[in-house]
Amino acid sequence: MKNQKAQKIAMVGLMAALSYVVFTFLQIKIPLPGGDATSIHLGNAVCVLGALILGGFYGGLGGAIGMTIGDLLDPVYVVYAPKTFFLKLCIGLITGLIAHKIGRITLETEHKKVALWTVLASVGGLLFNVIFDPLIGYFYKLAILGKPAAEVTLAWNVASTSINAVTSTIVASLVYLALRPALKKAGLFFVIERKTGMK
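Calculation rules
Residues numbered from 1 in each chain as written. Predicted model: local features only at pLDDT ≥ 70, side-chain atom pairs only at ≥ 80, totals over all residues. Heavy atoms only, no water. Core = buried A, V, L, I, M, F, W, Y, C linked by side-chain atoms within 4.5 Å. Buried < 20%, exposed > 50% of the residue type's maximum accessible area, 1.4 Å probe, protein only. Helix = DSSP H or I, 4+ residues; strand = E, 2+ residues; numbered from the N terminus. Contact = heavy atoms within 4.5 Å. Expected span 1.5 Å × (residues − 1).

Q: Whenever I open this one, the nonpolar core confuses me. Can you help?
A: Nonpolar side chains tend to gather and get buried jointly when the protein is soluble and globular. In this structure, Met 15, Val 48, Leu 52, Ile 53, Leu 54 and Tyr 176 are the most contacted members of the largest nonpolar core, which totals 33 residues. Where this core is concerned, the elements lending two or more residues are helix H1 (2-25), helix H2 (43-54), helix H3 (56-72), helix H4 (81-102), helix H5 (111-145) and helix H6 (150-186). Considering every element that reaches this core, the biggest residue donor is H2, with eight residues. Those residues within four positions of Tyr 176 in sequence are excluded, and the remaining contacts are Leu 49, Leu 52, Ile 53, Ile 105, Thr 106, Val 114, Thr 118 and Phe 189.

Q: Any chance you could explain H3 here in plain terms?
A: Because an α-helix completes one turn every 3.6 residues, residues spaced three or four positions apart along the sequence face the same direction. The end-to-end C-alpha separation of H3 is 24 Å, in line with the 24 Å expected for 17 residues at 1.5 Å each. The buried count for H3 comes to 12 of 17 residues, which makes it a mostly enclosed element. Looking only at H3, the buried set comprises Gly 56, Tyr 58, Gly 59, Gly 60, Gly 62, Gly 63, Ala 64, Gly 66, Met 67, Thr 68, Gly 70 and Asp 71.

If you want it as structure tokens, here you go:
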């Protein structure tokens, strides 16, 4: 049990590093009015992938840490770091809830059912983000930061978040299904229990 906990913590670090690299170096940044910006990236795919492999909390934590560090090191995004941490952790928690507590993908042996619940869990976590990232971002800019043109940036944020959701769903689902047999062979396949969401 202790060994598995250590492995999970190490994997959280790996997911954090991966999400940071993907978010920071493989993004298309779109400048917006008022010195703001939005971006198209696959950082959310790492949150989802982590939740599928490690469970909602650990997977979401890895993605949240990585992208929050990315925000903190970017002068445009630094003010959004708290919002990023909260939203990315939620992506992981929702994905993990659907994948492990409802779909029980780590206990399922039928490939079609695993694939179905993998996609549904990915869609669920990222649909949350499509709805709440722009909304929370809008109120965050308006109420907390007092930024102008919040309405203009809202439309752009909805568009970029939707693109990110579609691409991240496809990438995370395909990568998880491809990695699953390799993780089992390497002894890194974590069976997530239904009651607690983690083992």
